[in-house]
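Listed below are the residues making up each chain.
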Amino acid sequence: MSGAGAVSEAPVQAPVPALYTCTVGHTRTAPVRHAFRHRTYLWLVDPGRPPRLPRLLRPLARFDARDHFDGTEPTIRAGLEKFLAGHGVELDGGAVRMLAHARVLGHVFNPLSLFWCHGRDGSPLCVVAEVHNTYGERHCYLLRPDEAHRVSVAKEFYVSPFFPVDGGYRMRLPEPDGRLDLTVQLERSGARPFTATVRGERRPAGPFTLLRAAVRHPLSTVAVSVGIRLHGIRLYLRGLPVQPRPQPRPHPQEGVK
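Residues numbered from 1 in each chain as written. Predicted model: local features only at pLDDT ≥ 70, side-chain atom pairs only at ≥ 80, totals over all residues. Heavy atoms only, no water.

Considerations on a nonpolar patch on the surface
For clarity, the cut-off: Exposure above 30% relative accessible area and the lack of any salt bridge qualify a residue for a patch; like charges then connect within 9 Å, and the nonpolar side chains Val, Leu, Ile, Met, Phe, Trp and Tyr within 5 Å. In this description, accessible areas are obtained by the Shrake-Rupley approach with a 1.4 Å probe, and a residue is regarded as covered only by the protein chains that are shown. For this analysis, a salt bridge means a side-chain nitrogen from Lys or Arg found within 4 Å of a carboxyl oxygen belonging to Asp or Glu. In this scheme, a residue with accessible area under 20% of its type's maximum is buried, one over 50% is exposed, and one in between is partly exposed, where area comes from a 1.4 Å probe on protein chains only.
Among the surface-exposed residues, V226, L230, I233, Y236, L237 and V242 lie close enough to one another that they form a single nonpolar patch of about 600 Å² accessible area. On the basis of relative accessibility, which here comes to 52%, the residue Y236 falls in the exposed class.

Side note on the side chain of D67
Our working definition: The secondary structure listing takes helices from DSSP runs of H or I that are at least 4 residues long and strands from runs of E that are at least 2 residues long, numbered from the N terminus. Residue contacts are defined here by distance: any two heavy atoms, one from each residue, within 4.5 Å place the two residues in contact.
Along the chain, the position of D67 falls in the loop between β2 (34–45) and α1 (76–85). Setting aside residues no more than four positions away along its own chain, D67 makes contact with R103, V108, E130, H132 and R138.

Observations regarding the nonpolar core
Inclusion rule: Nonpolar cores were defined as sets of buried Ala, Val, Leu, Ile, Met, Phe, Trp, Tyr and Cys residues, with membership established by side-chain atoms within 4.5 Å.
W43, L80, L84, F115, V128 and L210 are the most contacted members of the largest nonpolar core, which totals 31 residues. The biggest single contributor to this core is α1, with four residues. Membership of the second largest hydrophobic core comes to 28 residues, among which are L42, V127, L182 and L186.

What about the pattern of salt bridges?
In this structure the tally under the stated criterion is 14 salt bridges. Residues E187 and R192 are paired through a salt bridge, measuring 3.0 Å at the closest nitrogen-oxygen approach. One network of salt bridges, with partners in common, ties together R62, D64 and R66.

So, the side chain of T221
The criterion, for reference: Polar contacts, as counted here, are pairs of nitrogen or oxygen atoms within 3.5 Å of one another; within protein the pair requires one atom able to donate a hydrogen and one able to accept it, and residues that are adjacent in sequence qualify only if both atoms are side-chain atoms.
Mapped onto the elements, T221 comes out in helix α3 (residues 220–237). A distance of 2.9 Å separates a polar atom in the side chain of T221 from a polar atom in the side chain of H107. Discounting chain neighbours no more than four positions away, the residues touching T221 are H101, A102, V104, H107, V108 and F109.

So, in structure tokens, the structure goes:
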């Protein structure tokens, strides 16, 4: 499913791989007010050619095709191309930039992975937003942002247990360069009860930078998934009702329509 608007002219694509040390913020305004921020780091990589790290550092950053799309293709890029082909989009050899967590010591959790897709001439083609929930399910949105990097799309996937599957998302998703600056807002009945932001600074993806990030944010992907659950418990204890989860698909990797 794609949003309205035309993709802007070709930007200067940031070289990859790169690391972004960033702050993720969640702000909920209804039916109760709640906000939190946490620091982490994300990778910007070519999903067809993930970085090859020194052997001793490989447990700190692994990019596995099973963690994205239907999980059956040999590379993440192949999974992306299969998803796009199912929606009538051909990359035709164009560049792709993926923003995501890597596996750290065998664990990964990506609430949101983003893929900026370009044509052979470097012009922006589309953005794919892959959403994971804490139930092991995933879903992809095919987006075509406007010149201000904004796009609106109907919500189609159960994420938070405190919001039903209705309304839509309003996103601002500029491709990262020296800075990372993303915003995703949930829209329901003319209001925006939830906003997520990601703000970060680019760092070279060398061994020293990775080691420093891993020391500052140990087990970073575990921390993300645990943090989401802890904040969910707090909201539940404050009386926020849980919304029924739709019947899950037979396999957690089939939610890519």
